[in-house]
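Here is how the chains run, residue by residue.
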Amino acid sequence: IDVAKAFYDKNLTSTRGYKLYADALLAANRGAEALEVAQQVIDMNSGDAAGHEKRGRALLILDRVEEGVEELRKAATLDPTKSEYQLQLGIGLDKLGRYDEAALKFQAALKGAPDDPNIHVYLGMSRRNQGELEEAKKYLDKAIELDPQNGRAFFELGLLYNVEQSQGKRSQGDAEQALLKAVQKSPNESKYWYALGEIYRLEAQPEKAIKAYRQALDLDPPFLKATSKLGLLYVDAKRYDDAEALLIPAVRRDGKVAINYLYLGVIYAAKGQKSAAIDNFETFLKLAPRNDPDIRRARAAIAELKRR
């Protein structure tokens, strides 16, 4: 970022510096800054496809997905030969759940860059989302063949194996092995560690799950899902002090995550702090969706605490 910024500062009349700087910011997930720089490119030349592509990617980072897709569509229309633009448009469409259209864009990208492992990864992900598991595996295997160090390919393969295992089509352990490779190839990707923690939790390996969730949380605080799952495992292990130390800051950061109040209620009930337990169970009931399976548990806990 520093090198790109220096080049940008010295070349204010050329869009090249703006694009390099925007790319560096996008690589660091600094969406707001990248958006500003990309807009400067468009202000200099409204027909600059790269400017629209970078603005679209920045909007995706900021979770302004609909806007991002429109910008990426502009880029792909302005320069339909650019495989990267088709790929990014597919990524945006996938985020919107428009899997069929996303797959078409990934296929268009593949025509222009048949040996790009990342396009194969996204096609595999897209086919998996469409339920075409055998086809998905072919693309992911090809991605790994093209780039054996591609952590994202192993991550998507692990998710695929998990789906197949739930359908009785694959033995236990394959998803774990794929996700282990994902974190080995890309050790700084928090969502890979979280997915590995989920596999360990489902396989009843709580200590390994705790370590994986902890790694996800350390890499990307405050990782809300990892925080909640880690709190659950601490509660199950009766490590109440660890769970409380984790969950109290979590509810201060985001007071709308219902499940954290349920776990706090369990902690305080176990510690004999009945009033605090009831308060947290009641907060959970206020925030939880109507079909939450833990509602009955919380109501039963409140009734028992009041009976005592």
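Look up: the structure comes first, before these words.
Scope of this entry: the structure provided in the associated data block. Everything quoted here is computed from the prediction, not taken from an experiment. (Residues numbered from 1 in each chain as written. Predicted model: local features only at pLDDT ≥ 70, side-chain atom pairs only at ≥ 80, totals over all residues. Heavy atoms only, no water.)

Quick notes on the overall build of the chain
The helix and strand tally for the chain stands at 18 helices and zero strands. Overall, the chain is about 75 × 45 × 35 Å in size when its C-alpha atoms are taken along their principal axes. For the chain, with 308 residues in total, the buried portion stands at 48%. In the chain, once contacts between residues fewer than 6 apart in sequence are set aside, the share between residues at least 24 apart is 45%. Total accessible area on the chain stands at roughly 15700 Å², and carbon and sulfur atoms take up 47% of it. (Helix = DSSP H or I, 4+ residues; strand = E, 2+ residues; numbered from the N terminus. Buried < 20%, exposed > 50% of the residue type's maximum accessible area, 1.4 Å probe, protein only. Contact = heavy atoms within 4.5 Å. Areas by Shrake-Rupley, 256 points an atom, 1.4 Å probe, with all protein chains shown as cover.)

Let's talk about the packing of aromatic side chains
Enumeration over the complete set of coordinates arrives at six aromatic pairs. On the numbers, 4.5 Å between centres and 20 degrees between planes, the contact of Phe155 with Tyr192 is stacked. Of this pair, Phe155 sits in helix α10 (residues 151-166) while Tyr192 sits in helix α12 (residues 190-202), and the two are 37 residues apart along the sequence. Across the pair, Tyr192 and Phe155 agree in class, each one buried. Site record: aromatic cluster; members linked through ring pairs are Tyr8, Tyr18 and Tyr21. (Phe/Tyr/Trp six-rings, centres within 6.5 Å; stacked < 30°, edge-to-face > 60°.)

Describing the nonpolar core
General note: in soluble globular proteins, nonpolar side chains tend to be found buried as a group. Membership of the largest hydrophobic core comes to 62 residues, with the highest contact counts inside it found for Phe281 and Phe284. Considering every element that reaches this core, the biggest residue donor is helix α16 (residues 258-270), with nine residues. Setting aside its immediate chain neighbours within four residues, Phe284 contacts Ala258, Ile259, Tyr261, Leu262, Asp292, Asp294, Ile295 and Ala298. (Core = buried A, V, L, I, M, F, W, Y, C linked by side-chain atoms within 4.5 Å.)

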